[in-house]
Amino acid sequence: MSKAILHQIHPVLPVRNVAEAIDYYIEKLGFELAFKDDNDNPSYGGVVRDNIEIHLQWHDESDWTEGMDSVLLRIYVEDVDTLFEEYKTQLVFHENTALRNTTWGTREFGFYDKNKNGLVFYKNFRSSE
């Protein structure tokens, strides 16, 4: 019996305003529009950059006030240093955001988008020390 192969994951992030979230990902993070369910007032949409696609879904304000937790995505990037420099110019970082090597063997940085979804970009490395 053959085994099914998983090829991609499309995380769905909760957002307050899909149009604003799409604009943020396009204008600040270098994504392109993949789709949206309505041109004027979308409640569901997707953005794509390179080999990843993120879906953005509208949630009512009451969902946020009743304790909906945010999502954290870890996204593998071959050249994390270049991406860090790109995003640094977009003013999306907290003042303490830093590119760092971790004790668990990654080089990474992270920040929260406008809807408090965590985005961590990383690459694996082997210490030669």
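Values in this document were obtained by computation on a predicted structure and should not be read as measured data. (Residues numbered from 1 in each chain as written. Predicted model: local features only at pLDDT ≥ 70, side-chain atom pairs only at ≥ 80, totals over all residues. Heavy atoms only, no water.)

## Regarding the sheet that holds strand β2 (residues 32-36)
And then number 1: Across the sheet, which stays open at both edges, the 4 strands sit in the order β1-β4-β3-β2 with mixed pairing between neighbours. This sheet does not close on itself; its edge strands, each paired only once, are β1 (12-15) and β2. Here the strands of the sheet are splayed against their neighbours by 30 degrees on average, with no regard to which way each runs.
And then number 2: Bridge count between β2 and strand β3 (residues 44-49): 4 bridges; the pairing is antiparallel. Each bridged residue has a counterpart across the sheet, and for Glu32 the counterpart in β3 is Val48.
And then number 3: Here helix α1 (residues 18-27) sits on the sheet in contact with β1, β2, β3 and β4 (52-58), set at roughly 155 degrees to β4. (Pairing = 2+ DSSP bridges. Helix = DSSP H or I, 4+ residues; strand = E, 2+ residues; numbered from the N terminus. Axes fitted to C-alpha atoms, helices over the stretch in contact; angles between N-to-C directions. Contact = heavy atoms within 4.5 Å.)

## With respect to the nonpolar core
And then number 1: If you look at the biggest cluster of nonpolar residues, it comprises 25 residues, and the most contacted ones within it are Tyr25 and Phe121.
And then number 2: Broken down by secondary-structure element, the contributors of at least two residues to this core are β1, α1, β4, β5 (72-76), α3 (80-88), β7 (106-112) and β8 (118-124).
And then number 3: With 5 residues, the top contributor of residues to this core is α1.
And then number 4: Look past the residues within four positions of Phe121 in its chain and what remains in contact with it is Ile75, Val77, Val80, Leu83, Tyr87, Arg107, Glu108, Phe109 and Phe111. (Core = buried A, V, L, I, M, F, W, Y, C linked by side-chain atoms within 4.5 Å. Buried < 20%, exposed > 50% of the residue type's maximum accessible area, 1.4 Å probe, protein only.)

## Some words on unusual backbone geometry
And then number 1: In this model, Leu91 sits at a positive phi of 55 degrees, which is unusual for a non-glycine residue.
And then number 2: Mapped onto the elements of the fold, Leu91 is located in the loop between α3 and β6 (100-101).
And then number 3: Residue classification places Leu91 among the exposed residues on the basis of a relative accessible area of 74%.
And then number 4: Backbone geometry at Lys116 places phi at a positive 70 degrees, although glycine is not the residue there.

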